[in-house]
Amino acid sequence: GPGVPPDEVERMSLWKEAKYREVAAESLRPLDGAVELVRAARQAGGTVTTHEIEQACFSRNDLYALRDLGDFVELSRGVYRLADSPAIAHLDFVAVSKRAPGGTICLDSALSRWDLTDLVPGEVHLAVAKGATRPSIAHPRTTVHVFAAATFDIDRVEDILSTGERYWIYSA
């Protein structure tokens, strides 16, 4: 078919540019629950899940808008952390544990946490009890191991960070 005339291409391009500006301006509008959402995230230690946000009656869209504005960073699918939260060791453990709250950090990851190895694992090792749902976590890189349900809780301890964030890990 015939090509689009150059003046029509330019008109369409200008329309798109105006539309993008409109969308950008709209995304910078004050968010209804933004202040309360940030306050709730701070009280939770800085890291929250989409599910936790919705359970607390905040809008998922407000969370996404705050992420787009740089107030939150996505640690893993559905796991967000306030961008200005203090740096913490083992942030990957927090992210994985938010995705799999019934799991336990194990093997090389636990040894590294307790300073019992010089190895720095390139992935998080997570144990789940036999019969539990096996999570699929691509980021941070995670290997899931299935442990016997009868012994799963032996030496399982909750590690609570200075920020109040927590995760389950096998003790040394």
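One can find the structure itself at the top, above this paragraph.
Below you will find a few notes about this structure. (Residues numbered from 1 in each chain as written. Predicted model: local features only at pLDDT ≥ 70, side-chain atom pairs only at ≥ 80, totals over all residues. Heavy atoms only, no water.)

### Points about the pattern of salt bridges
Should the charged atoms of two oppositely charged side chains come close, the side chains can pair. Taken as a whole and assessed by the stated rule, the structure comprises nine salt bridges. With its nearest N and O atoms 3.1 Å apart, the salt bridge here joins Asp68 to Arg67. Taking the shortest distance from any N to any O, the salt bridge between Glu123 and Arg141 comes out at 3.5 Å. Linking Glu123 in the loop between helix 6 (107-113) and strand 5 (124-129) with Arg141 in the loop between strand 5 and strand 6 (142-147), this pair joins segments that are 18 residues apart in sequence. Note on Arg141: relative accessible area 52%, which makes it exposed. (Salt bridge = Lys/Arg side-chain N within 4 Å of Asp/Glu carboxyl O. Helix = DSSP H or I, 4+ residues; strand = E, 2+ residues; numbered from the N terminus. Buried < 20%, exposed > 50% of the residue type's maximum accessible area, 1.4 Å probe, protein only.)

### Here we look at the packing of helix 2 (residues 34-43) against helix 4 (residues 60-68)
Between helix 2 and helix 4, the shortest axis-to-axis distance is 10 Å and the interhelical angle comes to 80°. The angle between the axes of helix 2 and helix 4 places the two elements in the roughly perpendicular class. Along the contact surface, helix 2 presents Ala34, Leu37 and Val38, while helix 4 presents Asp62, Leu63 and Leu66. Here the residues of the contact of helix 2 with helix 4 sort into five nonpolar, no polar and one charged. (Axes fitted to C-alpha atoms, helices over the stretch in contact; angles between N-to-C directions. Parallel < 35°, antiparallel > 145°, perpendicular 65-115°, else oblique. Contact = heavy atoms within 4.5 Å. Nonpolar A, V, L, I, M, F, W, Y, C, P; charged D, E, K, R; others polar.)

The analysis is restricted to geometry; functional conclusions fall outside its scope.
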